[in-house]
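Chain by chain, the residues:
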Amino acid sequence: MSRVKLLDREFELSIPEEKLLKAVDQVAEKMNKELEGKNPLMVCVLNGSFMFASDLMKRLTIPCEISFVKLSSYSGTGSTGQVKELIGLNEDISGRTIVLLEDIVDTGLTIINTVEQVKQMGPADVKVATMLFKPDACKRDVKLDYVGMDIPNDFIVGYGLDYDGYGRNLKDIYTVVE
Ligand code: 5GP
């Protein structure tokens, strides 16, 4: 499928599954080396990162756990602008190595706020893994420990990412046709 239509928009194939999975292989390899002996708690930030989290977990060979969180639709104003409250991280994470699993870092606002909230829960360390990163959109100073791949500043769907709820099931990534 080189093109798909979702609701009112057309999207064209931009990153095939094989390329995505190679990127996940590399992230997993790095984590297997760097997080050995740290018993990390992987924290999958729903909804978009479910496919990345699934493919990544299958490739991790170190002892680790996974938990799933959401960002509420509630938004207030914090130091970095709009904040969404992190919900679902109910376990005691004090002293743990946390690895946040994100689908995409665009402006960086979401991940900065999420890291801030997790840090307040007293972990030993908070690392960030994102499947995709848009360097041209991200003007903030964000520390990304693991990046699957850099992509251009275009709107994409597939591999967990949606357009108004649709397209999350696509195994490849598609870019909007303007
Ligand atoms: P940020 O706060 O870094 O600007 O945005 C992060 C969130 O925006 C992601 O978790 C994702 O939900 C959404 N997002 C950013 N870029 C895209 C994109 O190209 N496609 C889709 N479907 N969502 C995106």
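Residues numbered from 1 in each chain as written. Predicted model: local features only at pLDDT ≥ 70, side-chain atom pairs only at ≥ 80, totals over all residues. Heavy atoms only, no water.

**Focus: the packing of aromatic side chains**
The geometry of two aromatic rings is summed up by the distance between their centres and the angle between their planes. Counting across every chain of the model gives three aromatic pairs. Ring geometry for Phe 11 versus Phe 155: centroids 6.4 Å apart, planes at 50 degrees, classification tilted. With Phe 11 in strand β2 (residues 9–15) and Phe 155 in the loop between β8 (146–150) and β9 (156–157), this residue pair connects regions lying 144 residues apart in the sequence. The class of Phe 11 is buried, set by a relative accessible area of 0%. Relative accessible area serves as the criterion here: at 40%, Phe 155 is assigned to the partly exposed category. Taken together, a centroid distance of 5.7 Å and an interplanar angle of 55 degrees make the contact between Phe 11 and Tyr 163 tilted. You can see Phe 11 sitting in strand β2 and its partner Tyr 163 sitting in the loop between β9 and β10 (173–176), a full 152 residues away along the chain. Side by side, Phe 11 and Tyr 163 carry an identical accessibility label, which is buried. An aromatic cluster is present here, built from Phe 11, Phe 155 and Tyr 163 joined pairwise through their rings. (Phe/Tyr/Trp six-rings, centres within 6.5 Å; stacked < 30°, edge-to-face > 60°. Helix = DSSP H or I, 4+ residues; strand = E, 2+ residues; numbered from the N terminus. Buried < 20%, exposed > 50% of the residue type's maximum accessible area, 1.4 Å probe, protein only.)

**Focus: the side chain of Asp 145**
Within the element layout of this structure, Asp 145 appears in the loop between β7 (125–133) and β8. A distance of 2.8 Å separates a polar atom in the side chain of Asp 145 from the backbone nitrogen of Val 128. Polar side-chain contacts of Asp 145 include one of 2.7 Å to the side chain of Lys 143. (Polar contact = N/O pair within 3.5 Å; in protein donor to acceptor, adjacent residues only side chain to side chain.)

What is shown is where atoms sit, not what they do.
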